[in-house]
Amino acid sequence: MPLRLRPNDPTFYDLFTESANHLVDGSRILAELLGSTAGAGLSASHQIAAQMKDAEHAADETTHSIIRRVNSTFVTPFDREDIYRLASDLDDVMDYMEEAVDTIHLFNLDKLPAEAAEQIEVLQRMATLTAEAMPRLRTMKDLAEYWIEINRLENTGDAVHRRIVAKLFSGEFDALTVMKLKTVVDLLEAAIDAFEHVANTVEQIAVKES
């Protein structure tokens, strides 16, 4: 096997960790919003939506920093295409979470299905695991447990999403409410799926670099 030389510059690993930490913040804000729709009301939702918008902007800045860095670096720690893909996958997660929060605010929803809390718990766990995994890209060691657990959590998220959709179409809700709530839970499901894309990209990178 040919010897692979990686640059010692830790900047890319630090930026990917920073990007994942933005997702931890985003999932926390989602949980706060769920609490506001359960009790504090729409004024709190407006404030939390603004917090999520700020978090999304911060995540975008980190993504731009990664792109600028890869475009200005002659030797990268792994394939440029993989760096672009991982940066994009991480950005997608934040975009879906921000869109979910914005949709809750724009639709003036004052309550979500109780099972949405399970979706957000899955997202919070995925965010924490991803933030913990990013520094390990530097050595490409001990990453398998990360993508295995993310895939398991994605399956859990799929099951929760199916239960919510079945409940929405049970006749308990009017048609307009079904449309609004399904839009939100579909966005949360999309964020969960996007975390799986992050894990799959990490797996592909680790296999190529091993």
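Here, the structure is the one placed above.
Along each chain, numbering runs from 1 in the same order as the chain's sequence is written. pLDDT decides what is reported in this predicted model: residues at 70 or higher carry local features, side-chain atom pairs at 80 or more are listed and counted, and totals for whole chains, interfaces and linings draw on all residues regardless. Heavy atoms from the whole structure form the basis of all side-chain values; hydrogens and water molecules are not counted.

**Things to note about the nonpolar core**
If you look at soluble globular proteins, the nonpolar side chains tend to sit buried side by side. The definition of a nonpolar core used throughout is a set of buried Ala, Val, Leu, Ile, Met, Phe, Trp, Tyr and Cys residues joined through side-chain atoms within 4.5 Å. The classification of residues rests on relative accessible area computed with a 1.4 Å probe and restricted to protein chains. Under 20% of the type maximum is buried, over 50% is exposed, and intermediate values are partly exposed. Within the largest apolar cluster, 65 residues are counted, with the highest numbers of intra-cluster contacts made by Phe16, Leu86, Leu137, Tyr146 and Val202. Of all the secondary structure elements, the ones that give two or more residues to this core are helix 1 (11-40), helix 2 (42-72), helix 3 (80-106), helix 4 (116-133), helix 5 (144-168) and helix 6 (175-209). Here a strand is any run of E in DSSP of at least two residues, a helix any run of H or I of at least four, and the numbering for each starts at the N terminus. Considering every element that reaches this core, the biggest residue donor is helix 6, with 15 residues. Between two residues, a contact is recorded if the distance between any of their heavy atoms is within 4.5 Å. Those residues in contact with Leu86, other than ones at most four positions away along the chain, are Phe16, Met134, Leu137, Val198, Thr201, Val202 and Ile205.

**Here we look at the packing of helix 4 against helix 5**
Helix axes are fitted to C-alpha atoms over the stretch in contact, other axes to C-alpha atoms as well, and angles between N-to-C directions run from 0 to 180 degrees. Closest axis-to-axis distance for the helix 4/helix 5 pair is 9 Å, and the angle between their directions is 165 degrees. The orientation of helix 4 relative to helix 5 falls into the category roughly antiparallel. The handedness of the crossing between helix 4 and helix 5 is left-handed. On the side of helix 4, the interface is formed by Ala116, Glu118, Gln119, Val122, Arg125, Met126, Leu129, Thr130 and Ala133, while helix 5 contributes Tyr146, Glu149, Ile150, Leu153, Glu154, Thr156, Val160, His161, Arg163 and Ile164. Gly is placed with the polar residues, together with every amino acid not listed as nonpolar (Ala, Val, Leu, Ile, Met, Phe, Trp, Tyr, Cys and Pro) or charged (Asp, Glu, Lys and Arg). Residue classes in the contact of helix 4 with helix 5 are distributed as 10 nonpolar, 4 polar and 5 charged. For this classification, under 35 degrees means roughly parallel, over 145 means roughly antiparallel, 65 to 115 means roughly perpendicular, and everything else is oblique. Crossings are classed by handedness, with left-handed meaning an anticlockwise turn of the near helix from the far one by less than a right angle and right-handed meaning a clockwise turn.

**Thoughts on the pattern of salt bridges**
The salt bridge criterion pairs a side-chain nitrogen of Lys or Arg with a carboxyl oxygen of Asp or Glu, the two atoms within 4 Å. Per the counting criterion, the structure on display carries 9 salt bridges. Taking the shortest distance from any N to any O, the salt bridge between Lys208 and Asp79 comes out at 3.0 Å. Taken together, the residues Lys208 in helix 6 and Asp79 in the loop between helix 2 and helix 3 connect sequence positions 129 residues apart. Between Glu115 and Lys167 there is a salt bridge, and its shortest N-O distance comes to 3.6 Å. Placement of the pair is Glu115 in the loop between helix 3 and helix 4 and Lys167 in helix 5, with a sequence separation of 52 residues. A relative accessible area of 18% places Glu115 in the buried class. On the accessibility criterion, Lys167 (25% relative accessible area) is partly exposed. Through salt bridges with shared partners, a single ionic network connects Asp79, Asp82, Arg85 and Lys208.

**Overview of the side chain of His22**
In this structure, His22 sits in helix 1. Within the local environment of His22, its side chain forms a polar contact with the backbone oxygen of Ala58, the two atoms lying 3.4 Å apart. With residues up to four places along the chain from it excluded, the contact list for His22 reads Ala58, Ala59, Thr62 and Met94. In protein, a polar contact requires one atom able to donate a hydrogen and another able to accept it; more generally it is a pair of N or O atoms within 3.5 Å, and residues adjacent in sequence count only if both atoms are side-chain atoms.

**Here's the deal with unusual backbone geometry**
With a phi close to 55 degrees, Asn108 is a non-glycine residue in the positive phi region. Looking at the element boundaries, Asn108 is found in the loop between helix 3 and helix 4. The phi torsion at Met140 lies on the positive side, around 60 degrees, for a residue other than glycine. Relative to the elements of secondary structure, Met140 occurs in the loop between helix 4 and helix 5.

**Side note on the environment of Pro77**
Examined against the element boundaries, Pro77 turns out to sit in the loop between helix 2 and helix 3. Separated by 84 residues in the primary sequence, Pro77 and His161 have C-alpha atoms spaced 37 Å apart.

Shape is all these values report; function is a separate question.
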